[in-house]
Amino acid sequence: GVERVLADAVADGRILGYGASITTVDGARRVLEGTDASALQVQASLADRRHARDGVLAEANRRGVVVFARSIFLQGALLMSPDDLPAHLAGLAPGLARLDSIASDLGLGRRELLLAAMLHDPTIDSLVVGCETPAQVLANAMAGSRGPVEIDPELFADMPDAVLDPWRWPRS
């Protein structure tokens, strides 16, 4: 299969490594246990700690697999005002209000707080941050220069998959 072709390409020196972009914890675990992937990209944010909570990120780190986190703003939902959240994301509102309080105490904006927390997560090697405008690229670059901050990893505990998985969200 594909994994054999990729493993052979690594062994022959044609590529340095390969990875997988995974949505579920089970999928990430299957990649770690069933392949020699050198990189893993997962959904991860302060709201979505499923891969960390399940030990997948720690296992990837133990194996020397590079971990990329995507969707750190949960497709922009974590940057929205709690009052503006669509009904299917209303469960995020209490956590967002707590984030705003923490950000205010630290003299930060929410974007800065979210980036700082994820940039300094020891189980994550790199972030994949989506942007739609040059202004967003600049805002993220400037926000990412903040030093480490520690946030309770259970701030958004018990969020259902229907909130954390954008592919499950209603289409408008």
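Look a little higher up for the structure.
Let me sum up the structure you'll find in this document.

1. A closer look at the overall build of the chain
For step 1, the next point in the chain: Per the secondary structure count, the chain includes 8 helices and 4 strands.
For step 2, the next point in the chain: In the chain, the succession of α and β elements from N to C terminus is α-β-α-β-α-α-β-α-α-β-α-α.
For step 3, the next point in the chain: Taking 2.2 N^0.38 as the reference for a compact globule, 172 residues should give roughly 16 Å; the C-alpha atoms of the chain span a radius of gyration of 17 Å, in line with that estimate.
For step 4, the next point in the chain: Residues counted as buried form 39% of the 172 residues belonging to the chain.
For step 5, the next point in the chain: Considering only intrachain contacts with a sequence separation of at least 6, the fraction spanning at least 24 residues in the chain is 66%.
For step 6, the next point in the chain: Treating the 16 positive side-chain charges of the chain as one cloud and the 23 negative ones as another, the clouds have centres 3 Å apart.

2. Topic: the side chain of R70
For step 1, the next point in the chain: Its place among the elements puts R70 in strand β3 (residues 66-70).
For step 2, the next point in the chain: No salt bridge is formed by the buried R70; the nearest opposite charge belongs to D165, separated by 7.7 Å.
For step 3, the next point in the chain: Polar side-chain contacts of R70 include one of 3.1 Å to the backbone oxygen of I22.

3. Considering the pairing of β3
For step 1, the next point in the chain: Sheet topology note: the strand β2 (residues 39-43)/β3 ladder contains 5 bridges and is parallel. Bridge pairing in β3 places Q43 opposite R70.
For step 2, the next point in the chain: The pairing of β3 with strand β4 (residues 126-128) spans 3 bridges and is classified as parallel. Opposite F68, over in β4, you have S126 as the bridge partner.

4. Focus: the packing of aromatic side chains
Each aromatic ring pair is described using two quantities: the centre-to-centre distance and the angle formed by the ring planes.
For step 1, the next point in the chain: Evaluation of the coordinates by the stated rule reveals 0 aromatic pairs.
For step 2, the next point in the chain: Its end group placed over the ring of F73, R111 keeps NZ or CZ at 5.4 Å from the ring centre.

5. Focus on the sheet that holds β3
For step 1, the next point in the chain: Taken together, 4 strands build an open sheet; the order of strands is β1-β2-β3-β4 and the sheet is parallel. This sheet does not close on itself; its edge strands, each paired only once, are β1 (19-22) and β4. Across the sheet, the mean angle separating the axes of adjacent strands is 25° when strand polarity is ignored.

6. Notes on the nonpolar core
For step 1, the next point in the chain: Ranked by size, the top nonpolar core spans 47 residues in total, and within it L40, L92 and F156 carry the most contacts.
For step 2, the next point in the chain: Within the residue set of this core, elements represented by two or more residues are α2 (25-34), β2, α4 (56-62), β3, α5 (93-106), α6 (110-119) and α8 (161-164).
For step 3, the next point in the chain: Among the elements that take part in this core, α6 stands out by supplying 6 residues, more than any other.
For step 4, the next point in the chain: The contact partners of L92, leaving out residues within four places of it in the chain, are A47, L74, A77, L78, L85, F156, M159 and V163.

7. Concerning the packing of α6 against helix α7 (residues 134-143)
For step 1, the next point in the chain: Where α6 meets α7, the axes come as close as 8 Å, and the angle between the chain directions of the two elements is 60°. On the basis of the axis angle, α6 is oblique to α7. Judged by the twist between their axes, the crossing of α6 over α7 is right-handed. Between α6, through R111, E112 and L115, and α7, the contact on the second element is made entirely by A139, N140 and A143.
For step 2, the next point in the chain: Considering only residue class, the contact of α6 with α7 consists of 3 nonpolar, 1 polar and 2 charged.

8. Some details on the environment of T35
For step 1, the next point in the chain: Its place among the elements puts T35 in the loop between α2 and β2.
For step 2, the next point in the chain: Classification of T35 by relative accessible area gives partly exposed; the value is 24%.
For step 3, the next point in the chain: Between the C-alpha atoms of T35 and R4, which are 31 residues apart in sequence, the distance is 8.7 Å.
For step 4, the next point in the chain: Each residue touching T35, except ones within four places of it in the same chain, is listed here: E3, Y18 and R30.
For step 5, the next point in the chain: Only 2.7 Å separates the side chain of T35 from the backbone oxygen of V31, close enough to count as a polar contact.

Thresholds, definitions, all that
- Residue numbers run consecutively from 1 along every chain, following the written order of its sequence.
- A pLDDT threshold of at least 70 governs which residues receive local features in this predicted model, and a stricter bar of 80 or more applies before side-chain atom pairs are shown or counted, although totals over entire chains, interfaces and linings include all residues.
- Excluded from the side-chain calculations are hydrogens and water; all other atoms, namely the structure's heavy atoms, are used.
- Strands here are runs of E lasting at least two residues and helices are runs of H or I lasting at least four, both read from the DSSP assignment and numbered beginning at the N terminus.
- The size measure is the radius of gyration over C-alpha atoms, and the globule rule it meets is 2.2 Å times the number of residues to the 0.38 power.
- Exposure is judged per residue with a 1.4 Å probe applied to protein chains only, and the accessible area is read against the type maximum: over 50% gives exposed, under 20% gives buried, and values in between give partly exposed.
- The contact criterion used is simple: two residues touch if any of their non-hydrogen atoms lie within 4.5 Å.
- Asp and Glu are treated as the negative residues and Lys and Arg as the positive ones, with His and the ends of the chain left uncounted.
- Taken as the charge location is NZ of Lys, CZ of Arg, CG of Asp or CD of Glu.
- For this document, the term salt bridge refers to a Lys or Arg side-chain nitrogen within 4 Å of an Asp or Glu carboxyl oxygen.
- For this analysis, a polar contact is any N or O atom pair within 3.5 Å, provided that within protein one partner can donate a hydrogen and the other can accept it, and provided that sequence-adjacent residues contribute only side-chain to side-chain pairs.
- When DSSP finds at least two bridges between two strands, those strands are taken to pair.
- Ring pairs are drawn from Phe, Tyr and Trp, using the six-membered ring of Trp, whenever the two centres fall within 6.5 Å, and their geometry is named by plane angle: stacked under 30 degrees, edge-to-face over 60, tilted for the rest.
- Here, a charge over a ring means that NZ of Lys or CZ of Arg falls within 6 Å of the ring centre while also lying within 35 degrees of the ring normal.
- Note on method: axes are straight lines fitted to C-alpha atoms, helices fitted across the in-contact stretch only, with angles between N-to-C directions ranging 0 to 180 degrees.
- Here, the term nonpolar core denotes a set of buried Ala, Val, Leu, Ile, Met, Phe, Trp, Tyr and Cys residues that are joined through side-chain atoms within 4.5 Å.
- Any angle that is under 35 degrees is reported as roughly parallel, and any over 145 degrees as roughly antiparallel; angles of 65 to 115 degrees are reported as roughly perpendicular and all others as oblique.
- Crossings are assigned a handedness: left-handed for a near helix turned anticlockwise from the far helix by less than a right angle, right-handed for a clockwise turn.
- Think of it as three bins: nonpolar holds Ala, Val, Leu, Ile, Met, Phe, Trp, Tyr, Cys and Pro, charged holds Asp, Glu, Lys and Arg, and polar takes everything else, Gly as well.

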